[in-house]
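Chain and residue survey
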Amino acid sequence: MGRGTSDLVDPTRASHPPAVPAEAAAPVTPVVRQFLPPPTGPVDRLPGEGTRLALTIDDGTSSEVVGSLCTFAKDSGVRLTFFPNGMCKSWEENGELLQPLLDSGQVAMGNHTWSHPDLTTLSDEQVADEIGRNRDWLQTTFGAQDTPFFRPPFGAHDKRTDRIAARLGHPTIVLWDGTFEDNHLLTPDQLVAAARKWFTAQSIVVGHANHPPITQVYDELLGLIAERGLQTVTLADVWGKPSLSAVRSLSGSAITT
């Protein structure tokens, strides 16, 4: 499992990131949503067997990249889980794009702390403030209620920080077993190479909404997902409770969207 995540250095912003070409958009198929009880403690893969892929995106130092990722999801049907830092204004700046995706369940959210510190270096009070402040911001800004998911910055956690996160409503410590390797600036070709390495069934893959090159490889990512027969899911499709819209589409024992 990789450990590197962004250091939150502002990248050079892309101007007008490209939308997903119509010919590259992947067909949207019904998503079987399990709603298993959220686990307590660390996870780095999706449970069981299958062809699911959880694409998770951290940080958000670039408003252009956050907006482009929202447009990518809207245009392609790809399902994403965002782990924002509330200190990054990019999320609120793109609220009009993001909120409908959250409301529909196509995008889910987890807590990544307010300002991206290494929690293992902080006091109990400081850890609680970082997590609690971001939790409250997720709730008041986007209505992201009761998300069980917490991703510690840099993947740095221990039993103490896990206990504090659980006490504040985030029992599931989400790590990863695949990565875009974009904790620093990469070329588009390097991003695609990382995706080819790590896009596998039942993987949780981490990337970052920080550097513009991610906005240039959407068609390649969609092609790879289709080529490998993978289905993107949010973490809330797997662990969590159904939304009202999902309940309305209940059929038998499976909920589809």
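Just so you know, these numbers come straight off a predicted model, no measurement behind them.

1. Digging into the overall build of the protein chain
- Within the protein chain, the regular secondary structure consists of nine helices and twelve strands.
- Per-residue burial for the protein chain yields a buried fraction of 54% across its 257 residues.
- For the protein chain, the proportion of contacts with a sequence separation of at least 24, taken over those separated by at least 6, is 83%.
- Summed over its atoms, the accessible surface of the protein chain is roughly 11,000 Å², and 53% of this surface lies on carbon and sulfur atoms.

2. Considering the confidence of the model for the protein chain
- Residues of the protein chain with pLDDT of at least 70 account for 80%, and the chain-wide mean is 86.
- Low pLDDT, under 50, characterises residues 9-29; the stretch is placed with 42 contacts to residues that sit more than four places away or in other chains.
- The model gives residues 242-257 a pLDDT under 50, and that stretch makes 23 contacts with residues more than four places away or in other chains.

3. Quick notes on unusual backbone geometry
- Residues other than glycine seldom take positive phi values, yet Asp146 does so here, at roughly 60 degrees.
- With respect to the helices and strands, Asp146 occurs in the loop between helix H4 (124-142) and strand E6 (149-150).
- The exposure class assigned to Asp146 is exposed, which follows from its relative accessible area of 53%.

4. Considerations on the side chain of Ser203
- Relative to the assigned elements, Ser203 resides in strand E9 (residues 203-208).
- A distance of 3.5 Å separates a polar atom in the side chain of Ser203 from a polar atom in the side chain of Arg45.
- Of note is the side chain of Ser203, whose polar atom sits 2.6 Å from the side chain of Thr200.
- Leave out the neighbours within four places in its chain, and Ser203 touches Arg45, Leu46, Arg52, Leu53, Ala54, Asp177 and Trp198.

5. Remarks on the side chain of His170
- Here His170 is to be found in the loop between helix H5 (159-167) and strand E7 (172-174).
- Among the residues examined, His170 registers a relative accessible area of 2% and is labelled buried.
- Within the local environment of His170, its side chain forms a polar contact with the side chain of Asn111, the two groups lying 3.1 Å apart.
- The residues contacting His170, other than those within four sequence positions of it, are Asn111, Ile131, Arg135, Thr147, Pro148, Phe149, Phe150 and Ala165.

6. What to know about the pattern of salt bridges
- Per the counting criterion, the structure on display carries six salt bridges.
- Here Arg151 and Asp58 are joined by a salt bridge, their closest N and O atoms 2.8 Å apart. With Arg151 in the loop between E6 and H5 and Asp58 in strand E3 (residues 52-59), the pair connects residues that are 93 residues apart, well separated along the chain.
- Here Asp136 makes a salt bridge to Arg135, at a shortest N to O gap of 3.1 Å.

7. Quick notes on the sheet that holds E6
- Across the sheet, three strands lie side by side as E2-E7-E6; this open sheet has parallel pairing. Whereas interior strands pair on both sides, the edge strands pair on one side only; in this sheet they are strand E2 (41-43) and E6.

8. Overview of H5
- Taken residue by residue, H5 has Thr161, Asp162, Ile164 and Ala165 as its buried positions. Buried positions in H5, seen along its axis, are confined to an arc of 165 degrees and lie on one side of it. Facing away from the buried side of H5 by more than 90 degrees, the exposed set consists of Lys159, Arg163 and Arg167.
- Close packing links the buried residues of H5 with E2, H4, E6 and E7.
- A side-chain oxygen of the first residue of H5 lies 3.1 Å from the backbone nitrogen of Arg160; this N-cap is Asp158.
- Count one or two residues on from H5 and you reach Gly169, which has phi positive near 105 degrees.

Calculation rules
- Residues numbered from 1 in each chain as written.
- Predicted model: local features only at pLDDT ≥ 70, side-chain atom pairs only at ≥ 80, totals over all residues.
- Heavy atoms only, no water.
- Helix = DSSP H or I, 4+ residues; strand = E, 2+ residues; numbered from the N terminus.
- Buried < 20%, exposed > 50% of the residue type's maximum accessible area, 1.4 Å probe, protein only.
- Contact = heavy atoms within 4.5 Å.
- Areas by Shrake-Rupley, 256 points an atom, 1.4 Å probe, with all protein chains shown as cover.
- pLDDT = per-residue confidence, 0-100.
- Polar contact = N/O pair within 3.5 Å; in protein donor to acceptor, adjacent residues only side chain to side chain.
- Salt bridge = Lys/Arg side-chain N within 4 Å of Asp/Glu carboxyl O.
- Pairing = 2+ DSSP bridges.
- Arc of directions from axis to C-beta.

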